[in-house]
Amino acid sequence: MPLKTMAEYERLAEQAHGHMCAGQVLGLRMAICGVRLLGLEDPAGRDRKRLVAFVEIDRCATDAIPIVTGCRLGKRALKFRDFGKVATTFCDLQENRAVRVAARESAKERARATHPEIADKNRQQMLAYRELTDEELFEIQWVRVAIGPEDLPGYKAPRVVCAACGESVSFKREVVRDGRTLCRSCAGERYYQPL
Ligand SMILES: [Zn+2]
Ligand SMILES: [Zn+2]
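As a starting point, this report considers the structure included with it. (Residues numbered from 1 in each chain as written. Chains lettered and ligands numbered in written order. Predicted model: local features only at pLDDT ≥ 70, side-chain atom pairs only at ≥ 80, totals over all residues. Heavy atoms only, no water.)

Some remarks on the coordination of the zinc ion (ligand 1)
So, point 1. Taken together, the protein donors to the zinc ion (ligand 1) comprise His17 (NE2), His19 (NE2), Cys21 (SG) and Cys60 (SG), at separations of 2.1 to 2.3 Å.
So, point 2. In primary sequence terms, the donor set of the zinc ion (ligand 1) follows H-x1-H-x1-C-x38-C. Taken as a pair, His19 in the loop between helix 1 (6-17) and helix 2 (22-37) and Cys60 in helix 3 (residues 60-69) lie far apart in primary sequence, 41 residues in all. (Donors = N, O, S within 2.8 Å, 3.2 Å for Na, K, Ca; no water. Helix = DSSP H or I, 4+ residues; strand = E, 2+ residues; numbered from the N terminus.)

Encoded structure:
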């Protein structure tokens, strides 16, 4: 199943995301742009195992990335780096190259200028984000991404047990402190406080 039409992707995105919005359109365009630049004809099918995507924000547009790429968090092919930016880096593991596609700050203004007759911002942007060119919407940058074997889908290694809490840790996420093997939580990165 090669790339689908925008209309088909929008249907799938609406289903997965729960509503249709400008973020879905922008995210779909971003993903299509990324996989095209990498030359992947069937990202969610035949080329599925070649692709890893790093998303930089947890907002609407992010939900659209797996629709086109097939990259999912649970498959370890979608990575979240919380930078608060509407940007995604698409990595082709086979060719060892990557491209970062970032939404331009000016895209909203362009949307306003393109469809001043539409007052509703979401509708205005949805329409414009379908029409504007990749260059108008995105800043594109070829980059290198170092992905360790432990970050790749399919990585296998024994889990280790945290010396403090006894929970097991996969994918080399353990930390060694003063000779003790700890989970990141016990090593000081805990984001919750036990009550
Ligand atoms: Zn949304
Ligand atoms: Zn622990």
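Quick notes on the pattern of salt bridges
So, point 1. Under the definition given, this model contains 10 salt bridges.
So, point 2. Its salt-bridge partner being Asp47, residue Arg46 comes within 3.9 Å of it at the nearest N-O pair.
So, point 3. We note a salt bridge from Arg104 to Glu139, for which the minimum N-O separation is 3.1 Å. A residue pair is termed long-range when its members are at least 10 positions apart, and Arg104 in the loop between strand 4 (97-103) and helix 4 (107-114) and Glu139 in strand 5 (residues 138-143) qualify at 35 residues.
So, point 4. Judged by relative accessible area, which is 29%, Arg104 ranks as partly exposed. (Salt bridge = Lys/Arg side-chain N within 4 Å of Asp/Glu carboxyl O. Buried < 20%, exposed > 50% of the residue type's maximum accessible area, 1.4 Å probe, protein only.)

Quick look at the coordination of the zinc ion (ligand 2)
So, point 1. Taken together, the protein donors to the zinc ion (ligand 2) comprise Cys162 (SG), Cys165 (SG), Cys183 (SG) and Cys186 (SG), at separations of 2.3 to 2.4 Å.
So, point 2. Viewed at the metal, the 4 donor atoms of the zinc ion (ligand 2) are separated by angles of 101 to 115°, and the geometry they form is tetrahedral.
So, point 3. A residue is classified by how much of its surface remains accessible, and Cys183, at 8% relative accessible area, is buried. (Tetrahedral: all angles 85-135°; square planar, octahedral: opposite > 155°, others 65-115°.)

Notes on the packing of aromatic side chains
So, point 1. Going through the model one piece at a time under the given rule, you end up with 2 aromatic pairs.
So, point 2. Seen in terms of ring centroids, Tyr155 and Phe171 are 6.5 Å apart; in terms of plane orientation they differ by 55°. Their pairing is tilted. On the criterion of sequence distance, the pair formed by Tyr155 in the loop between strand 5 and strand 6 (160-161) and Phe171 in the loop between strand 7 (168-169) and strand 8 (175-177) is long-range, its members being 16 residues apart.
So, point 3. Seen in terms of ring centroids, Tyr191 and Tyr192 are 5.1 Å apart; in terms of plane orientation they differ by 75°. Their pairing is edge-to-face.
So, point 4. Tyr191 sits in the exposed class, given a relative accessible area of 77%.
So, point 5. For Tyr192, a relative accessible area of 36% corresponds to the partly exposed category.
So, point 6. For the cation-ring pair, Arg76 lies above Phe171, with the distance from its terminal atom to the ring centre recorded as 3.4 Å. (Phe/Tyr/Trp six-rings, centres within 6.5 Å; stacked < 30°, edge-to-face > 60°. Lys NZ or Arg CZ within 6 Å of the ring centre and 35° of its normal.)

Section: the packing of helix 1 against helix 2
So, point 1. Two numbers describe how helix 1 lies on helix 2: the axes approach to 10 Å, and their chain directions differ by 125°. The orientation of helix 1 with respect to helix 2, classified from their angle, is oblique. The hand of the helix 1/helix 2 crossing is right-handed. Side by side, helix 1 and helix 2 meet where Met6, Tyr9, Glu10, Ala13 and His17 of the first sit next to Gln24, Val25, Leu28, Arg29 and Ile32 of the second. (Axes fitted to C-alpha atoms, helices over the stretch in contact; angles between N-to-C directions. Parallel < 35°, antiparallel > 145°, perpendicular 65-115°, else oblique. Left-handed = near helix turned anticlockwise from the far one by under 90°. Contact = heavy atoms within 4.5 Å.)

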